[in-house]
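Overview (structure and organization)
Given next are the chains, with one letter for each unit.
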Amino acid sequence: MCNDVILKMTKIEKSFPGVKALKGVDLTLRAGEVHCIMGENGAGKSTLIKCLTGVYQMDAGEVMLNGEEVRPQSVTEAMKLGISSVYQEVNLCPNLTVAENIFIGRQPMRAGVFVDLPKMNKLSQKALEKFNLDIDVTRSLDSYPIAIQQMVAIARAVDVSAKVLIFDEPTSSLDRGEVERLFDIMRRLKAEGMAIVFISHFLDQVYEISDRITVLRNGAFIGEHLASELSRIDLVTQMVGKEFDKIANLQKATPKEGRKVIIQADNISVDTSIHNVDLSLSEGEVLGFAGLLGSGRSETARALFGLDKVSNGSVSIRGKAMNLNSPVVAIKNRIAFCPEDRKRDGIVADLTIRENIVLALQGRMGMFKFISRKKQEELANRYIKLLGIVTPDAEKKIGELSGGNQQKVILARWLATEPDALILDEPTRGIDVGAKAEIIKLTLELCEKGMAVAFISSELEEVVKLSNNVVIMRDHKKVAQLCEAEIDHDRILQTIAGGEEACVS
């Protein structure tokens, strides 16, 4: 392993409207090293990589490549500098041949006019030989399986990059044998002196392949460590962090005796996203979900709301077996869901607060049972007051509100349907601490009134503080469940990190 610094990013900052995505982040890449960037959703990993590869232009900071300052203005410019990326989703052209994909934008030419196909095919075969891949490069890319397509993407990236190669979640769609093959390639490239960035949510893989780890949290640089000197539990602790003061005095709900089970999931699986998950959600309880990004928390929530089809196992609502094949079925059975990405899956930015609040209720009633304007205004004004939504009136566009107030409007939308069970996926992400405390307080009040709540949060202190039971997820599976007195911050961390697993209750 060499210590020569190839690339150094210093004090990188990047802001978007209402969000400071990067707050003075540092990253140092060395020749012959695999450097992993770790952090939960919203930590800034993707934004940092996009600043490096020219997708985004950073607001402040410096990038030094082999001792010279660079500031790529596009992906093409970054590639010319020797910085390439390979993503989870193969970002090539499936209808073109393998050779055409490897040489997109840089085809060998004859007489400066015609593409030299024989030469391009020969060079493509040579590029693939480095990875012991013997395939027909004249066939279309989509005629090969995903694993082969990804190898082609890697071959292209390596062929145009001599300095830095970035792997962004490359193993998510690969089986174990394919992962081993990829890691062999990474080790070979490392031995040749390339600096490699590896982004993954699989802890086992991070420790198997990485030499060094940089941790980001909430857009800030937390630390850089040699992988051999950073324990798994310390890594998880740095990723999760602590932000507990504002909810320290809140008391979790006390489930009543004889409460009814609202949702029962038995041995459910969803293709490759979750495997054999059991859980039970009852009236007046908070069922917390703990685990890192990609562990299966959000995927379980989506399955319980009918967004993702259950491929194995069964789901019952109030004791009745249910085919949750769409959100419409869930809504009609009084199940509500606040999604993780409120901007993409939650709000309709150009609609008013009033219109956003009545969406789910109108959906449950059907298109032929119109909610009168007067009723809409009554509902909107009621929840604006109840949730303390900061707005001059209900006719303000939701896209003009702060993140915390947008989150409250989404909550209002589902509360207006009077649900029996409410699934909250990262309801406090990206909002200020005061708004977090208000949403957590509201969640506890709803439980005291008998509502069943599934609560997913990357802020472990929130899960510990609210939950009557905690499901711990790792690698798409439920690995433990803690009840009441068993719920402990350190015990959850230990289980997430892959240490001694708690008994499944």
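First, a word on what this report is: a plain description of the structure on this page.

About the cut-offs
- Residues numbered from 1 in each chain as written.
- Predicted model: local features only at pLDDT ≥ 70, side-chain atom pairs only at ≥ 80, totals over all residues.
- Heavy atoms only, no water.
- Helix = DSSP H or I, 4+ residues; strand = E, 2+ residues; numbered from the N terminus.
- Rg over C-alpha atoms; globule rule 2.2 N^0.38 Å.
- Buried < 20%, exposed > 50% of the residue type's maximum accessible area, 1.4 Å probe, protein only.
- Contact = heavy atoms within 4.5 Å.
- Lys, Arg positive; Asp, Glu negative; His and termini not counted.
- Charge placed at Lys NZ, Arg CZ, Asp CG, Glu CD.
- Pairing = 2+ DSSP bridges.
- Axes fitted to C-alpha atoms, helices over the stretch in contact; angles between N-to-C directions.
- Expected span 1.5 Å × (residues − 1).
- Parallel < 35°, antiparallel > 145°, perpendicular 65-115°, else oblique.
- Nonpolar A, V, L, I, M, F, W, Y, C, P; charged D, E, K, R; others polar.
- Salt bridge = Lys/Arg side-chain N within 4 Å of Asp/Glu carboxyl O.
- Phe/Tyr/Trp six-rings, centres within 6.5 Å; stacked < 30°, edge-to-face > 60°.
- Core = buried A, V, L, I, M, F, W, Y, C linked by side-chain atoms within 4.5 Å.

1. A few points about the overall build of the protein
A count of helical and extended segments in the protein gives 17 helices and 22 strands. Computed over the C-alpha atoms, the radius of gyration of the protein is 25 Å, within 12% of the 23 Å expected from 2.2 N^0.38 for a compact globule of 505 residues. Over its C-alpha atoms, taken along the principal directions, the protein stretches across nearly 75 × 50 × 45 Å. Counting the 505 residues in the protein, one finds 54% classified as buried. For the protein, restricting intrachain contacts to residue pairs at least 6 apart in sequence, the fraction spanning at least 24 positions comes to 66%. The centroid of the 64 positive side-chain charges in the protein is displaced by 5 Å from the centroid of its 69 negative side-chain charges.

2. Points about the sheet that holds strand β1 (residues 5–16)
Taken together, 4 strands build an open sheet; the order of strands is β2-β1-β4-β5 and the sheet is antiparallel. Here the strands that pair on one side only, and so sit at the sheet edges, are β2 (19–30) and β5 (68–69). With 2 bridges joining them, strand β4 (residues 60–65) and β5 adopt antiparallel strand pairing. Bridge pairing in β5 links L65 to E68. Helix-sheet contacts for helix α1 (residues 45–52) involve β1, β2 and β4, and the interaxial angle to β1 is about 115°.

3. A short note on the sheet that holds strand β10 (residues 195–199)
One open sheet accounts for 6 strands, arranged β6-β9-β10-β3-β11-β12; its pairing is mixed. Bordering the open sheet on either side are β6 (83–87) and β12 (220–226), each of which pairs with just one other strand. Across the sheet, the mean angle from the axis of one strand to that of its neighbour is 20°, orientation sign disregarded. Strand direction decides the pairing type here: strand β9 (residues 164–168) and β10, joined by 5 bridges, are parallel. Within β10, the position partnered with D168 by the bridge is I199.

4. Describing helix α13 (residues 373–387)
If you check α13, its first and last C-alpha atoms are 21 Å apart, about what 15 residues at 1.5 Å a residue would give, namely 21 Å. One or two steps after α13, the chain reaches G388, where phi turns positive at roughly 65°.

5. Digging into the packing of helix α12 (residues 353–365) against α13
Packing of α12 against α13 brings their axes to within 9 Å, and their N-to-C directions diverge by 105°. In terms of their interaxial angle, α12 and α13 are classed as roughly perpendicular. Contacts between α12 and α13 involve I353, R354, I357, V358 and L361 from the former and R373, Q376, E377, L379, A380 and I384 from the latter. Along the lines of polarity and charge, the residues of the contact of α12 with α13 split into 7 nonpolar, 1 polar and 3 charged.

6. Thoughts on the pattern of salt bridges
Inspection of every chain in the model, using the stated rule, returns 17 salt bridges. Across the pair K190 and D211 runs a salt bridge whose closest N-O atoms are separated by 3.3 Å. Of the two residues, K190 sits in helix α6 (residues 176–191) while D211 sits in the loop between α7 (203–209) and β11 (212–217), which places them 21 residues apart along the sequence. E400 is paired through a salt bridge with K396; the nearest N and O atoms lie 3.3 Å apart. Several salt bridges converge on common partners, so that one network encompasses R354, E355, R373, E377 and E395.

7. Observations regarding the packing of aromatic side chains
How two aromatic rings sit relative to each other is set out by the distance from centre to centre and by the angle between their planes. This structure, assessed with the given rule, holds 4 aromatic pairs. An angle of 70° between the planes, with centres 5.1 Å apart, marks the rings of F16 and Y56 as edge-to-face. Of this pair, F16 sits in strand β1 while Y56 sits in the loop between α1 and β4; the two residues are 40 residues apart in sequence, bridging distant segments of the chain. By relative accessible area, which is 31% here, F16 ends up partly exposed. Residue Y56 is classed as partly exposed on the basis of its relative accessible area of 25%. Linked through ring pairs, F305, F337 and W414 together constitute an aromatic cluster.

8. Quick word on the environment of L235
By the element assignment, L235 lies in helix α8 (residues 232–240). The spatial distance from the C-alpha of L235 to the C-alpha of M151 is 30 Å, given a sequence separation of 84 residues. Non-local contacts of L235, meaning those with residues more than four positions away in its chain, are made with M38, L203, Y207, I213, V215 and L230.

9. Here we look at α8
What α8 keeps buried is the set L235, V236, Q238, M239 and V240. Against the buried residues of α8 lie β3 (34–38), α7, β11, β12, α16 (460–466) and α17 (489–496).

10. Description of the environment of A290
Within the element layout of this structure, A290 appears in strand β15 (residues 286–290). What makes A290 buried here is its relative accessible area of 1%. Along the chain, A290 and L415 lie 125 residues apart, while their C-alpha atoms are 24 Å from each other. The residues contacting A290, other than those within four sequence positions of it, are R297, L460, V470, V471, I472, M473, I492 and I496.

11. Some remarks on unusual backbone geometry
Of note, the phi angle at K11 is positive, near 50°, even though the residue is not glycine. Mapped onto the fold, K11 is located in strand β1. Its identity as a non-glycine residue notwithstanding, N218 has a phi of 50°, on the positive side. Structurally, N218 is set in the loop between β11 and β12. Residue class for N218 comes out partly exposed when judged on its relative accessible area of 39%.

12. Some words on the nonpolar core
Soluble globular proteins: nonpolar side chains tend toward being buried together. Counting residues in each nonpolar core, the largest one holds 131 residues, and the members touching the most others are L422 and I492. Sort the elements by how many residues they give to this core and helix α5 (residues 146–160) lands first, with 8 residues.

13. Things to note about the environment of L307
Within the secondary structure, L307 is located in the loop between α9 (297–304) and β16 (312–317). With a relative accessible area of 35%, L307 lands in the partly exposed category. With 99 residues separating them in the primary sequence, L307 and Q406 have C-alpha atoms 22 Å apart. In this view, L307 contacts R302, P327 and F337; residues no more than four positions away in its chain are not counted.

14. Side note on the pairing of β16
Both strand β13 (residues 261–270) and β16 contribute to a ladder of 5 bridges, which runs antiparallel. Considered in β16, the bridge of I263 is made with I317. The sheet contact formed by β16 and strand β17 (residues 320–322) spans 3 bridges and is antiparallel. Across the sheet, residue V315 finds its bridge partner in β17, namely M322. Between β16 and β17, which pair antiparallel in sequence order, lie 2 residues; one of them, R318, sits at a positive phi of approximately 55°.

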